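So you can see what is in the structure, the chains are spelled out below.
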Amino acid sequence: MVQRVLIVGAGFSGAVIARELAGAGVAVTVADARPHVAGNCHTERCAETGVMVHVYGPHIFHTDDAGVWDYVTRFGTFRPYVNRVKATVGGRVYALPVNLHTINQIFGLALRPDEARAFIAARAQAPAHGGEPANFEEQALAMVGPEIYAAFFRGYTAKQWGCDPRDLPASILKRLPLRFDYDDNYFFHRFQGMPEAGYTALVAAILECPGITLDLGRHVTPAGARAGGWDHVVWTGPLDAWFGHDLGRLAYRTLDFERFTHDGDWQGCAVMNHPDADVPYTRIAEHRHFAPWERPAGSVVVREYSRAAGPGDIPYYPVRLAGEQALLARYMDRARAETGVSFVGRLGTYRYLDMDVTIREALDAAQSLISARSTGAAPPAFLAGGL
Ligand code: UDP
């Protein structure tokens, strides 16, 4: 019978599972090496300007999952927030994601939707091999043609992922919309918003519950977790870290942030992408615009640089090229042979997960742990469907 559970990691995955398990009468300890909850979603006020800063990079909440939206709005007030990103290319500013405005701007035209559709269709290039687009570049060329690919995607993607876009899966581009109207909302989702008090307060509210013990600033090693006498461990850290990286390291991109303050509005929007290959950063975030209702006088501006993560760096984006897929499969086989531990979340399952998907999977994972508890079955290593 699972009565005492250790959850390693106090991000969304760990917090949601903890809350659900505690609600079912399980005693849960949530440990995190960092001194704060919320993982990479952590927000903190800048002491100098009072601006709420997304410390590990911008997070915008968006979902089509009404259950997830109901869940998060139970724990904090959300303010309406629409993500409108701009891009500076060759010294000019364009609208993103690629929409009718972008198309008309880049080609110097005034096309209407049907005309733009036909115009882009005439430029789009199907892969020479005759099949479906097999990589990021083929997907982009088939979707938008060479001009838009070169302006907005090629340089940005090479910087963001540190490799040739031909080596990346087509699925990365499928995250981005292409629109033939003037809608410049970065997301399609029905529910979008920003937690009024920041993500850290939101996650803290999820964790605020009898039955949950929070142990911040504690680095739990796999050996420590195994030896702790827990009925079950939920590991939200990197999957390969559980095995001491003994088959090799799963590759991640990490981010370097170059931060400065400014008196007043610095760039006029929350996110300005810089796709040009000769600009070393990928984007600049101005955090006051993530909380437009606060209207602070000062500003916190952050340039974002992407590079390969070394052993001591914070892992952000799982790379998942062919080599990593093979290594991942070997680690997943090892994980399935373990007992007493389940792997969840972005790091635990080595996937590029948005917050809403993370929360949905954490809710499902908790249900699966609760039902395993009631039947006495051993919880599986991977609790999310499809893994
Ligand atoms: N991307 C791009 N140009 C842009 C924005 C995005 O080429 O101006 C590509 C890039 O490869 C990126 C992917 O699209 O990794 C997904 O973009 P998204 O904005 O979803 O990235 P995130 O916000 O998760 O970093």
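In case you missed it, the structure is sitting above this.
The text that follows walks through the structure, step by step, so that each part is easy to find. (Residues numbered from 1 in each chain as written. Predicted model: local features only at pLDDT ≥ 70, side-chain atom pairs only at ≥ 80, totals over all residues. Heavy atoms only, no water.)

### Digging into the environment of Arg 259
Okay, so step 1: Its place among the elements puts Arg 259 in strand β12 (residues 252-263).
Okay, so step 2: Under the relative-accessibility criterion, Arg 259 is labelled partly exposed at 44%.
Okay, so step 3: Spatially, the C-alpha atoms of Arg 259 and Leu 96 are 24 Å apart, while their sequence positions differ by 163 residues.
Okay, so step 4: For Arg 259, the contacting residues outside a window of four places in its chain are Cys 46, Val 53, Val 300, Val 301 and Val 302. (Helix = DSSP H or I, 4+ residues; strand = E, 2+ residues; numbered from the N terminus. Buried < 20%, exposed > 50% of the residue type's maximum accessible area, 1.4 Å probe, protein only. Contact = heavy atoms within 4.5 Å.)

### A short note on the site of the ligand
Okay, so step 1: Around the ligand, 16 residues are found, and the nearest of them are Phe 152, Tyr 186, Asn 273, Tyr 317 and Tyr 352.
Okay, so step 2: Contacts to the ligand include Phe 152, whose backbone N or O atom sits 2.8 Å from a nitrogen atom.
Okay, so step 3: Contact distances for the ligand include 2.5 Å between an oxygen atom and a side-chain N or O atom of Tyr 317.
Okay, so step 4: A breakdown of the residues in the shell around the ligand according to their chemical character gives 11 nonpolar, 3 polar and 2 charged. (Near = heavy atom within 4 Å. Polar contact = N/O pair within 3.5 Å; in protein donor to acceptor, adjacent residues only side chain to side chain. Nonpolar A, V, L, I, M, F, W, Y, C, P; charged D, E, K, R; others polar.)

### Thoughts on the pattern of salt bridges
Opposite charge on two side chains permits pairing when their charged atoms draw close.
Okay, so step 1: As enumerated under the stated definition, the model contains 21 salt bridges in all.
Okay, so step 2: Here Asp 164 and Arg 166 are joined by a salt bridge, their closest N and O atoms 2.8 Å apart.
Okay, so step 3: Residue Asp 164 is classed as partly exposed on the basis of its relative accessible area of 29%.
Okay, so step 4: Between Asp 333 and Arg 336 there is a salt bridge, with its nearest N and O atoms 3.6 Å apart. Of this pair, Asp 333 and Arg 336 both sit in helix α9 (residues 322-336), separated by 3 residues, roughly a single helical turn.
Okay, so step 5: Residues participating in the shared-partner salt-bridge network are Asp 65, Arg 360 and Asp 364. (Salt bridge = Lys/Arg side-chain N within 4 Å of Asp/Glu carboxyl O.)

This is a description of form; function is not addressed.
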